[in-house]
Amino acid sequence: MTISCISNQNIVYYPFSQYHFRILNSFKGNLKGTMMVSSLPPYSSAFFRAVLLALSVLWLLPEMAFAKHAAITRHYKFDIKMQNVTRLCQTKNIVTINGQFPGPRIIAREGDRLVVKVVNHVQYNVSLHWHGVRQLRSGWADGPAYVTQCPIQTGQSYVYNFTVTGQRGTLFWHAHISWLRVTVYGPIVILPKRHASYPFPQPFREVPIIFGEWWKADTETIISQALQTGGAPNISDAYTINGLPGPSYNCSAKDIFKLKVKPGKTYLLRLINAALNDELFFSIANHTLTVVEADAIYVKPFKTQIALISPGQTTNVLLRAKSKVPSTTFAMSARPYATGPAAFDNTTTTGILEYEKSSSASNSTIKKLPLLKAALPKFNDSTFAMKFNKKIRSLASAKFPANVPKKVDRRFFFTVGLGTLPCPQNQACQGPNNTKLAASVNNVSFVQPNIALLQAHFFNKAKGVFTSDFPANPLIKFNYTGTPPRNIMVKNDTKVVVLPFNTSVELVMQDTSIIGAESHPLHLHGFNFFMVGQGIGNFNPNNDPAKFNLVDPAERNTVGVPSGGWVAIRFLADNPGVWFMHCHLEVHTSWGLKMAWVVNDGKGRKQKLPPPPSDLPKC
Ligand code: C2O
Ligand code: CU
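The structure presented is a predicted model; accordingly, all values stated were derived computationally and were not measured.

K.L.:
Quick one: what's the story with the coordination of the copper ion (ligand 2), residue by residue and with numbers?
P.N.:
Of the protein atoms, only H520 (ND1), C583 (SG) and H588 (ND1) coordinate the copper ion (ligand 2), at distances of 2.0 to 2.1 Å. We note that the donor set of the copper ion (ligand 2) lies within a single chain, spaced as H-x62-C-x4-H. Here C583 lies in strand β33 (residues 577–583) and H520 lies in strand β28 (residues 520–524), a separation of 63 residues in the sequence. Accessibility classification places H520 together with C583 in one group, the buried group.

K.L.:
Quick rundown of the packing of aromatic side chains? Include the residues and the values.
P.N.:
Overall, the coordinates contain 36 aromatic pairs when judged by the stated rule. Judged by centre distance (6.0 Å) and plane angle (75°), the rings of F527 and W579 are edge-to-face. With a gap of 52 residues between them, F527 in the loop between β28 and β29 (529–536) and W579 in strand β33 connect regions that are remote in the sequence. Positioned over the ring face of W214 is K92, at 4.8 Å from the centre of the ring. In this arrangement the basic side chain of K265 is found over the ring face of F204, its NZ or CZ atom lying 4.7 Å from the centre.

K.L.:
Residues and numbers for the pairing of strand β16 (residues 297–304), please.
P.N.:
Along any regular strand, the residues point their side chains to alternate faces of the sheet. As defined by bridge partners, strand β15 (residues 289–294) adjoins β16 across five bridges and the pair is classed as antiparallel. The partner of E293 across the bridge, within β16, is Y298. Following β15, the chain reverses through two residues before pairing antiparallel with β16; D295 in that reversal takes a positive phi of roughly 50°.

K.L.:
How would you summarise the nonpolar core if you had to cite specific residues and measurements?
P.N.:
Counting residues in hydrophobic clusters, the biggest one holds 57 residues, and the most contacted among them are F78, I106, L128, W130, Y160 and L453. The element contributing the most residues to this core is strand β9 (residues 185–191), with four residues. Filtering out sequence-adjacent residues up to four positions away, I106 remains in contact with Y76, F78, L114, V116, W130, W173, P187, I188 and V189. Within the second largest apolar cluster, 56 residues are counted, among which are Y185, I241, L319 and Y355.

Here is what the cut-offs are and how they apply
- Residues numbered from 1 in each chain as written.
- Chains lettered and ligands numbered in written order.
- Predicted model: local features only at pLDDT ≥ 70, side-chain atom pairs only at ≥ 80, totals over all residues.
- Heavy atoms only, no water.
- Donors = N, O, S within 2.8 Å, 3.2 Å for Na, K, Ca; no water.
- Helix = DSSP H or I, 4+ residues; strand = E, 2+ residues; numbered from the N terminus.
- Buried < 20%, exposed > 50% of the residue type's maximum accessible area, 1.4 Å probe, protein only.
- Phe/Tyr/Trp six-rings, centres within 6.5 Å; stacked < 30°, edge-to-face > 60°.
- Lys NZ or Arg CZ within 6 Å of the ring centre and 35° of its normal.
- Pairing = 2+ DSSP bridges.
- Core = buried A, V, L, I, M, F, W, Y, C linked by side-chain atoms within 4.5 Å.
- Contact = heavy atoms within 4.5 Å.

From the geometry alone we can't say anything about function, so treat these as descriptive.
See the structure below:
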C-alpha cells in the first residue's frame, strides 16, 4: 500500500548549501521522514530546527499507523539552474540541481515511490536518468534523451514518477544528454524496508563518496568541438571526491573532502563513480575495505585494500575504524585505471580520513598530523581489474537468490570498440588519417533520432525513426583482438533489437583492438544482468560457455568489458519498453557506442507498459 505522506503544508526545505560530512553524517535523522529538496534559501537554524521538530511529530503519526506496510511516496523538487562554482582557482558557471554541486541526495526505502518534479531554468535541453533503477513498467521515467523521452526544454518541467522495487543499496542519478552529467549528478540511497536489516553488521554511519571529473573549460564546448573536428576531446583537469579535488592539485588546498571517524566504529561508504570518462582505483591508506554490495545488490563480502569502480558502477564498502586514535591522518585516494590508446587525466584526487579525539580532548589545540599516502595500482593494471571483478559474487542465499536465467532463448554476440567515419568534404579531420573518431557496437555507430524511440515504439511510428534489424552478430568476422582489419569505418544508423516479453537473453560483448584495445564499462538500462563469464582474447563459443558461473555470478547494471577481452551476461527481458545500452565512458557514447533493446508488451495485464504521462516533454 502506498500512502502519500506529503502535502504542500509540510514540505521540508532542507538547507543543503554545502555537500558536507556533517550533513552526510546525519543520515539517520533524515531517514525518518520524506525529504524535500528545494532551491529556496536556507532558513535560520533555529527556525529550521523548530520546523524539523514539528515535522518529526507529524511524521511519526503516519509511520506508526502504517508500520506494517511502510512503502511511502517521497517527493523531491529539482530546479535545474546555473551556479557559479570555484575549483582549482577558477570560477565557472555550471549546470546544477537546486544550485548544489554535487547534486542533492535522494533517499528511499526499498518499495517506496519517488516523485521528482524537474523544472528546467537553463539554456540547455536536459533530461535526468535514475541510473540502475529498474523502472519496472515505468520506462517513461527512465530519462535518456531521445531514447525514452524528448529532453525537457528551457522553461518546461517533467515529473519523474517511479517505484524502487527489489533493490537496496546505492545508485545515482545524472543528466542524460550530451555531457551535462559532468556536473549534474547525485547519490540515490536505497535503504532496506523498515525493520529489514543489512546482511552485514549495522554500520555506525553511512557516507556517500561520489567521484567526479572536473574540467576548467566548458565541457559542452569541448565535446561539440571534438565531434566537429573528429578528434579526441580534451582530458579533464581533476578528479573529485564529493565535488572536491583535494590537496594534490594546485590551488585546491581548501577543497578537500574530510571524513571524520570515531575509533572502533564501522562506516558504510557508498562509493559512486560519476566521472565522465575514467574508471577509478580507490584506496584508503592503511585501512582495509570490505565490499558488501555492488550496483544495489548485496554481494558475498570480501576484503580488499583497493576497489575498482567504473563510471556507472556503485559499490558499498565497510570501513572499520582503528580501535585507537592514531597520530596520523589517512589519504583516501582515487586515480584512473586506463587501458585505451588515448591520452587520459593521470591525476589523483584525495580526501582525508581523520580520527575524532574523545569529546573532552576535541577542543584542545589541533596539531597538524602527517598524512599517510594511499597505495594504488599502476594505471594499466588489468590483472588487478580482472581479479577484482571476479571477486564480486551474488549472495545467492535463500533470502537474496541469484535468479540467473538457466535456459537461453536468444544469443547475441556484440563487438564493442572504436572505429572511424569519413571526413566531410572541404574539412580537415583530426582522427587517424584524416578521419573522424567513432565507436560502435557490431560496427553500427548509433545515431540519436530526433524523437524518442519509446514514443515511436509505443505509438507504432517507428518508420523513419529506427529499424529493428540491429545485427545479432558481427556482419564481418575478423580476429577481434588481433591485427585490426584494413577497413575500420563504422556505419551510422539507428537500429534496435526487438525482444518478445520474457525472452531470456545471453549476450557476449567482445572488445576489439581497432585503434586500440580498451576496457569499456557497458551499462544496460531497465535491467540487472548476471555477469556469467569473462576472459582475455577472443570469446570461444566452443569452450568458454562450459566455464560460465550460473550459481553466484555478480548481478549488476554496468560491467567492464575487459580490455582486449570479452564478457558474457544473461538477463531476462521482463520489462516492456525501450532500453538503452551504452558504454558509460561518455566520450565513447558520444562517438556512438550505444544501441537499444525494444522489449514488447506481454499478454498479461501487468506485462504492459502504461501510456506516457501527460507532461512527457515534446521535441
Ligand atoms: Cu548512467 Cu545511460 O546511464
Ligand atoms: Cu567505451
